[in-house]
Amino acid sequence: MHTEPTTFSAEQYFATQPPPPTLQHDVEKVREFLQRQKSEGRAVVLVTSGGTTVPLELNVVRFLDNFSAGTRGATSAEYFLKAGYAVIFMHRQFSLQPFSRHYSHSTNPFLDFLDIEPPQPEDAEPTPRISVTPNKREDLLQVLTAYKTVHAQGTLHTLTFVTVNDYLWLLRAVSQEMAVLSRKAMFYLAAAVSDFFLPRQKMSEHKIQSGKGSLHIEMDQVPKILKPLVSEWTPGGYIVSFKLETDPQLLIPKARQALERYGHQVVIGNDLHRRKYEVVFVSKKPLPALPPGAVDGVNSRTEESEGQQESGNSADGGKQEELADSFTETWLRIDASETVATPGFPVKEIEEDIVAELVKRHGDWIGDSQSTTSQ
Ligand code: PAZ
C-alpha cells in the first residue's frame, strides 16, 4: 500500500501522535525541581543528549538509530554544574551520563579499578574487602566528590527518552515548564534527533515480515520544533542548538539558515569527525540601535525566510553573501592530541570551553535584559 508522505506542523504532530505514558509523572518532577531552583535563584539549563530511535513497528522489533553516544551532552552537563547551573539532563536511555561517563567506556571499565583484598586475621568478619587500585584513586576521588556534591545540592535532574516521539513530547513539556525562569533558562540542544519518522498511523502492528523481498519505507519529516520552542513554548529562554554536518562546506550556511528561520540565540556547528576538538559558534550580530520612532524589522525579516528550505548550495540567488553580514562566527579549537588520554597528561575536553563561552554569553544576555528593564 502506498501512502503519501505528510508534512506535519508541530501542532498536527502533537494532535496525532500519542504522548509517552510517563509524561505526566516526568513533568510533575520537573516542576518540583524548577520550583526549588527558582527559589534558590539558580539558572537552569536543559541539556538534551544522545540519539533518538525511530520505531518501524508498533510492537517494536526494528528501529532506526544514529551514532550519538551522548558524550557532548554528558560532558557539558558536568561543566554547567561546575559553573553553578542546575541541569535537567534529558538523555537517551542508556547513553552516557554526567560523572558515570568517566567509567562506562570499554577503554575505562570501572571493574578494572577495583581490587579484592583477602580478609585479614584481625577482621571481625572473614569477608574480603573491595579497594580502589592506588593509581586510579585520585581521579576517582575527584569524580566521586563532584558527583556527591551535586547530589547533596540537588542540582541535577535526569529524564530519559528513547524514540523521537518521546523526545518531542518531553521537550515541549519541559520547555513549557521552564518558561517560569524566563531569561534564567538555557536550552542546550545537543541530542541527535531524527529528521524523519514513521507516524503511528502508518506503522505495521506486528513485526515486518521478510517474505515479501526488499523493504520500502517512506518516512515523514519530523516537524521543525525549534520554531514553536522559540516563539511559543519558552519565549524568554536562551536557546542554543547544534548542527552536525559531514560536509564542512555546509556547516556555516546551515547554521545561519537555522538562526534566520527560528530566531534563537546560537547555533553551534560541528563536523562529525572534528567535533571533539573544533566547533563554531554562529549567532546574529546585534542590530544597530534604531532611531526614535523607527519600526523594528527583525520579525519581518525572520518571516521572510520562513518558507525557504535549508540548503547549502549556491543556487540561492546570492542569499548567503547577503546573510554573511548579519552573522558572527567564533571558532573554538583545542589541540586534537590533548583529547586523547595519555599517562601523565590531563585530557582536555572541548565542552569545557563551549560551556565557559555560553555561560559568559548567557550572563551578558541576562544582564542586558536587567539593564533594559531597569531603565
Ligand atoms: O553524542 P556525541 O558526543 O557522540 O555527538 C554529539 C553531537 C554531534 C550529536 C552533537 O554535538 C550535535 O551536533 N547534535 C545535533 C545534531 C544535529 O541534529 O544536527
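Attention in this report is confined to the structure presented alongside it. All figures in this text were calculated on a predicted structure; none of them were measured in a lab. Sequence order sets the numbering: in each chain, residues are counted from 1 along the sequence as written. Confidence filtering applies because this is a predicted model: local features only for residues at pLDDT of at least 70, side-chain atom pairs given and counted only at 80 or more, and all residues used for totals across whole chains, interfaces and linings.

## Observations regarding the overall build of the protein chain
Then comes step 1: Only runs of H or I of at least four residues qualify as helices and only runs of E of at least two qualify as strands under DSSP, and these elements are numbered from the N terminus. Secondary structure assignment for the protein chain yields 10 helices and 14 strands.
Then comes step 2: Once C-beta atoms are placed from the backbone, each residue is buried if 20 or more other C-beta atoms lie within 10 Å of its own, exposed if 12 or fewer, and partly exposed for counts between those two. For the protein chain, with 375 residues in total, the buried portion stands at 32%.
Then comes step 3: Taking the intrachain contacts of the protein chain between residues at least 6 apart in sequence as the baseline, contacts between residues at least 24 apart amount to 74%. Once C-beta atoms have been placed from the backbone, residue pairs whose C-beta atoms lie within 7 Å are recorded as contacts.

## What to know about helix H5 (residues 164–178)
Then comes step 1: Take the residue count of a helix, subtract one, and multiply by 1.5 Å to get its expected span. Taking 1.5 Å of rise per residue, the 15 residues of H5 would be expected to cover 21 Å, and the 21 Å separating its terminal C-alpha atoms lies within 8% of that figure.
Then comes step 2: Of all the 15 residues making up H5, 14 are buried; the element is thus mostly covered by neighbouring parts of the structure.

## Points about unusual backbone geometry
Then comes step 1: Even without being a glycine, Phe99 presents a positive backbone phi close to 75 degrees.
Then comes step 2: Along the chain, Phe99 turns up in the loop between strand E4 (86–92) and strand E5 (114–117).
Then comes step 3: A tally of 20 C-beta atoms within 10 Å means that Phe99 is categorised as buried.
Then comes step 4: Not every positive phi belongs to a glycine, and Ser182 is a case in point at roughly 45 degrees.
Then comes step 5: With respect to the helices, strands and loops of the structure, Ser182 is situated in the loop between H5 and strand E8 (185–189).
Then comes step 6: With 15 C-beta atoms packed within 10 Å, Ser182 lands in the partly exposed category.

## A short note on the pairing of E4
Then comes step 1: Judged by how many residues are buried, E4 sits mostly within the fold: 7 of 7 residues are covered.
Then comes step 2: In the sheet, strand E1 (residues 44–49) pairs with E4 via 6 bridges, with the strands oriented parallel. When the bridges of E4 are listed, Thr48 appears paired with Met90. For two strands to count as paired, DSSP must find a minimum of two bridges between them.

## Considerations on the nonpolar core
Then comes step 1: For this entry, the nonpolar core is defined as buried Ala, Val, Leu, Ile, Met, Phe, Trp, Tyr and Cys residues connected by C-beta atoms within 7 Å. Grouped together as the largest cluster of nonpolar side chains are 71 residues, with contacts concentrated most on Val47, Val87 and Ile88.
Then comes step 2: The element that contributes the greatest number of residues to this core is H5, accounting for 9 residues.

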